[in-house]
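# Close look at the chain arrangement
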Amino acid sequence: MFECILFSLKDDVSSAKKKTPSVNATSSCANLLRSQTNTDGIIYSNQISSSSYTDNMDCQWNLSSNAVLELAFHRFNTQPSADYVRVYNGGSLSSPLIGTFSGSSLPAPITSSSNKLYVGFTSDSSATYQGFGARYRGMTYVKNILK
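A few points on the structure. (Residues numbered from 1 in each chain as written. Predicted model: local features only at pLDDT ≥ 70, side-chain atom pairs only at ≥ 80, totals over all residues. Heavy atoms only, no water.)

Tracing the backbone through its elements, the reader meets Cys59 in strand β4 (residues 58–65). Exposure remark for Cys59: the relative accessible area of 1% places this residue in the buried category. Look past the residues within four positions of Cys59 in its chain and what remains in contact with it is Ser28, Cys29, Leu32, Val119, Gly120 and Phe121. (Helix = DSSP H or I, 4+ residues; strand = E, 2+ residues; numbered from the N terminus. Buried < 20%, exposed > 50% of the residue type's maximum accessible area, 1.4 Å probe, protein only. Contact = heavy atoms within 4.5 Å.)

Have a look at this one:
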């Protein structure tokens, strides 16, 4: 036997549609951030995908929004077990770590549970690879309250 319960989400849905995401992005490394609009942009380890990133990099990107954030990698190739991309769910290194990525496997898209993401990239001095590029964007969504 099934019980049917109807919920009215009209107010929540209409207010979510009116909210336009806005994203602010900063980078500790020059020329490795491209804001496309006020809602999205690209971070990368090197501007030209056919070239390699440099030795001894230590770059951070701080993304903040009035909505949740998505980070989707479109290219990824770092020196395995030596050069790392780390993504944190918040605005600093002390925020919870979402994941550490290295090698050539493209990470799955990452969605924050807050309105901030902190991304760090470090490389050593032994070798350099083609690096990574990732698109960030603010996302408005309606939370599923039916479980």
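Structure's up, so let's keep going.
Turning next to the sheet that holds β4. Read from one edge to the other, the open sheet built from five strands follows the order β1-β4-β9-β6-β7, with strand pairing classed as antiparallel. At either margin of the open sheet sits one strand with a lone partner, and together these are β1 (23–27) and β7 (97–101). For this sheet the average axis-to-axis angle between neighbouring strands, irrespective of direction, equals 10°. Of the strand pairs in this sheet, β1 and β4 are connected by five bridges, and their pairing is antiparallel. Opposite Asn24, over in β4, you have Ser64 as the bridge partner. (Pairing = 2+ DSSP bridges. Axes fitted to C-alpha atoms, helices over the stretch in contact; angles between N-to-C directions.)

Moving on, we get to the sheet that holds strand β2 (residues 33–35). The strand order across the open sheet formed by five strands is β2-β3-β10-β5-β8, and the pairing between neighbours is antiparallel. Every other strand in the sheet has two partners, leaving β2 and β8 (110–111) as the edge strands with one partner each. As paired strands, strand β5 (residues 68–77) and β8 are joined by two bridges and run antiparallel to one another. Across the sheet, the residue bridging to Glu70 is Thr111, located in β8.

Attention now moves to the packing of aromatic side chains. Going through the model one piece at a time under the given rule, you end up with eight aromatic pairs. Aromatic side chains Phe76 and Phe132 sit 6.4 Å apart centroid to centroid with 35° between the ring planes, which places their arrangement in the tilted category. Placement of Phe76 in strand β5 and of Phe132 in strand β10 (residues 131–139) is noted, with a sequence separation of 56 residues between them. Here the two residues Phe76 and Phe132 agree in accessibility, since each one is buried. Among the aromatic side chains, those forming a connected cluster through ring pairs are Tyr53, Trp61, Phe73, Phe76, Phe101, Phe121 and Phe132. (Phe/Tyr/Trp six-rings, centres within 6.5 Å; stacked < 30°, edge-to-face > 60°.)

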